[in-house]
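Architecture and fold: a report
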Amino acid sequence: MANLSALVYHELLSTPLRKDKPVNWVGFYYLPKKTIQDASIDPKDYSLVLGPFQGKVACTVIKFGRGVCGSVAVSHEPALVYNVHDFKGHIACDSSSLSELVIPIILNGQLVGVFDLDCSVIGGFDNEDLVGIQNLDEATKSRVGIGSLNYYDGSLNDQVLKIRKHEINGYPVDVGMVIVVEERKRRE
């Protein structure tokens, strides 16, 4: 999870097509396993706990139903927020975050956490980003300990993410995967 958040954060920052939409936070919030296993805890009292991330200091605990992440945890539906100031109950962990994309991470029908991306401009994410992040989540679950990765070719804005197993520039690697970002040819 730490490598995935770092990878997505740095690739999105270094991609020329996103220079006007800089990502400023990428990371995970998770539901502690003991919370799910403890029948005495009412699900309405569940909280998400900060996991691996890249960016500024973040909120460490988010109650279910609070903010974008807490709302996604309750609904199990992704959220694409054009302007966080228009989202009722938004939690401002970083005042420079103006738009947000959050997807639920679900394994075997059980919510285990959320994957959260923030951008420092309004409208920093679109539906193509949402689909790309959802596909990336599905393709990587088993490789990052949240759910086998062989090959994925999807899109994030005007980018193509290609995940290849055990190779960087033709050289074998031990990390198990690498994401190479290539710009897509512009449509005529």
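Preceding this section is the structure that the text describes.
To keep things clear, this report deals only with the structure shown in the data block. Given the structure is predicted, the values throughout are model-derived calculations rather than measurements.

Per the counting criterion, the structure on display carries 4 aromatic pairs. Ring geometry for Tyr46 against Phe64: centres 5.5 Å apart, planes inclined by 90°, an arrangement best described as edge-to-face. Of this pair, Tyr46 sits in the loop between α2 (33–37) and β2 (47–55) while Phe64 sits in the loop between β3 (61–63) and α3 (67–75); the two residues are 18 residues apart in sequence, bridging distant segments of the chain. What makes Tyr46 buried here is its relative accessible area of 11%. Site record: aromatic cluster; members linked through ring pairs are Trp25, Tyr29 and Phe53.

The subject of this paragraph is α3. Taken together, the buried positions of α3 are occupied by Gly67, Val68, Cys69, Gly70, Val72 and Ala73. Turning to α3, the residues buried within the fold contact β1 (23–30), β2, β3, β4 (79–81), β5 (99–107) and β6 (110–119). At the C-terminal side of α3, His76 shows a positive phi close to 60°.

Applying the stated criterion across every chain, the model contains 1 salt bridge. Put simply, Arg18 and Asp129 hold a salt bridge, and the shortest N to O gap is 3.6 Å. Taken as a pair, Arg18 in the loop between α1 (2–14) and β1 and Asp129 in helix α4 (residues 127–140) lie far apart in primary sequence, 111 residues in all. Each member of the pair, Arg18 as well as Asp129, carries the same accessibility label: buried.

Cut-offs and rules
- Going along each chain's sequence as written, the residues are numbered from 1 onward.
- Confidence filtering applies because this is a predicted model: local features only for residues at pLDDT of at least 70, side-chain atom pairs given and counted only at 80 or more, and all residues used for totals across whole chains, interfaces and linings.
- To obtain the side-chain values, all non-hydrogen atoms of the structure were used and water was disregarded.
- Any Phe, Tyr or Trp ring, taking Trp's six-membered ring, that has another such ring centre within 6.5 Å forms a pair; planes under 30 degrees apart are called stacked, those over 60 apart edge-to-face, and the others tilted.
- For helices the rule is a DSSP run of H or I covering at least 4 residues; for strands it is a run of E covering at least 2, with both sets numbered from the N terminus onward.
- When a residue's accessible area, from a 1.4 Å probe over protein chains only, is under 20% of the maximum for its type it is buried; when over 50% it is exposed; and in between it is partly exposed.
- The contact criterion used is simple: two residues touch if any of their non-hydrogen atoms lie within 4.5 Å.
- Any Lys or Arg side-chain nitrogen found within 4 Å of a carboxyl oxygen on Asp or Glu counts as a salt bridge.

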